[in-house]
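Structural overview for review
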Amino acid sequence: MSLVRPMTPMDLLKFNPCNLDHLTETYNISFYLEYFTKWPNLCKVIESETGQIEAYILGKVEASPYPAPVEPYDPGLKIYQKKWSNYLPWHAHITCLTVAPSARRLGHATKLSEALEQAGDEHNAWFVDLFVRVENEAAIKLYRKMGYSVYRRITDYYNDGSDAFDMRKPLKRDKQRKTVRANGENIKVDPSEVW
């Protein structure tokens, strides 16, 4: 039986099977270490009985680096939709979620995502978001099944010129689902507009 546990720096020496997928972003070591330092409870692995890393997630809770233009923040206000549509309130973010090919279809992605969603609720976050390559149809289908929807399309987001979907799932704080919208695939933004 697989075990969910906190991710540690030593796991960086064992997580290659998860990162070999061409759709998975691999970062430099300092990036991972920053997450372990700032958000240790939001970085988790699923480890097999034999000690293999089958999946991992890096997550964080954050907001835009500037205060809400109108206090208190209310995503339903028209001014946010028109003037500050890219402002990010307090939310949870999935930076990286990947499953080794040999461990797919076992529910690992759902289990790790739900753990981050629960942490987001504990931190009183409005939603969980993530970025996914528009061509990663399997991941998009999985996220939709888990309740995520496309909020916007970020053009030329990845180093190779691919676009990303910013997908969101409202959390308990957003009872009226004001932080999500329909037809987000048609809302295109430049990477400079995304914090």
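Remember, predicted model here, so these are calculated numbers, not experimental data. All chains use their own residue numbering, which begins from 1 and follows the written sequence. Reporting in this predicted model follows two pLDDT cut-offs: at least 70 for local features of residues, and 80 or more for side-chain atom pairs to be given and counted; totals over whole chains, interfaces and linings ignore these cut-offs and use all residues. Working from all heavy atoms in the structure, the side-chain values ignore hydrogens and water.

Considerations on the side chain of Arg 133
Among the secondary structure elements, Arg 133 is positioned in strand E5 (residues 127-133). A simple rule labels every residue: compare its accessible area, found with a 1.4 Å probe on the protein chains alone, to the largest value its type can have, and call it buried under 20%, exposed over 50%, or partly exposed in between. On the accessibility criterion, Arg 133 (9% relative accessible area) is buried. Under this definition, polar contacts are N or O atom pairs within 3.5 Å; protein pairs additionally need one hydrogen-donor-capable and one acceptor-capable atom, and for neighbouring residues in sequence, both atoms have to be side-chain atoms. Only 3.2 Å separates the side chain of Arg 133 from the side chain of Ser 162, close enough to count as a polar contact. Two residues qualify as a contact provided that any one of their heavy atoms is within 4.5 Å of a heavy atom in the partner residue. Sequence-distant contacts of Arg 133, that is, excluding residues within four places in its chain, are made with Leu 23, Glu 25, Ile 140, Tyr 158, Asp 160, Ser 162, Asp 163 and Ala 164. Helix and strand assignments come from DSSP, with helices taken as H or I runs of at least 4 residues and strands as E runs of at least 2, each series counted from the N terminus.

Quick look at the UniProt feature "domain: N-acetyltransferase" (unreviewed entry) in the protein
UniProt positions are given in the numbering used here, feature names are shortened, and annotations may be inferred rather than shown by experiment. When the UniProt feature table is mapped onto this chain, "domain: N-acetyltransferase" (unreviewed entry) is found at residues 2-172. Annotated as 25% helix and 28% strand, the span residues 2-172 places its first and last C-alpha atoms 29 Å apart.

Quick notes on unusual backbone geometry
A negative phi holds for most residues other than glycine; trans holds for most peptide bonds. In this structure, the amide linkage connecting Glu 71 to the following residue, Pro 72, adopts the cis form with an omega of -10°. When you line up the elements, Pro 72 lands in the loop between strand E3 (53-62) and helix H3 (78-82). At Asn 124, a residue that is not glycine, the phi angle is positive and equals roughly 60°. Tracing the backbone through its elements, the reader meets Asn 124 in the loop between helix H4 (108-122) and E5. For Asn 124, a relative accessible area of 41% corresponds to the partly exposed category. The phi dihedral of Asn 183 falls on the positive side, at around 60°, and the residue is not glycine. Take Asn 183: it is sitting in the loop between strand E7 (164-170) and strand E8 (188-189).

Quick look at the confidence of the model for the protein
When pLDDT is averaged along the protein, the result is 92; 100% of the residues meet or exceed 70. A residue's pLDDT is simply how confident the predictor is in it, with values from 0 to 100. The least confident element of the protein, judged by mean pLDDT, is H3 at 80; the most confident is E7 at 98.

Description of the nonpolar core
Definition used in this section: a nonpolar core is a set of buried Ala, Val, Leu, Ile, Met, Phe, Trp, Tyr and Cys residues joined via side-chain atoms within 4.5 Å. Core analysis: the biggest nonpolar cluster contains 43 residues, and Met 7, Tyr 56, Leu 58, Tyr 143 and Met 167 have the highest contact counts within it. At the level of secondary structure, the elements contributing two or more residues to this core comprise helix H2 (29-38), strand E2 (43-47), E3, strand E4 (91-99), H4, E5, helix H5 (137-145) and E7. Examining the composition of this core, we find that six residues originate from one element, E3, more than from any other. Not counting residues within four places of it along the chain, the set of residues in contact with Leu 58 comprises Met 7, Phe 31, Tyr 32, Tyr 35, Phe 36, Leu 42, Cys 43, His 93, Ile 94, Thr 95 and Cys 96. Counting seven residues, the second-largest nonpolar core is a separate cluster that includes Ala 68, Tyr 80, Leu 88 and Phe 127.

Remarks on H4
The length a helix should cover is 1.5 Å for every residue beyond the first. In this model H4 runs 21 Å from its N-terminal to its C-terminal C-alpha over 15 residues, within 8% of the 21 Å that 1.5 Å per residue would give. Every buried residue of H4 is listed here: His 108, Ala 109, Leu 112, Ser 113, Leu 116, Glu 117, Ala 119 and Gly 120. Down the axis of H4, the buried set is contained in an arc of 165°. They therefore lie on one face. This arc describes the spread of directions from the helix axis toward the C-beta atoms.

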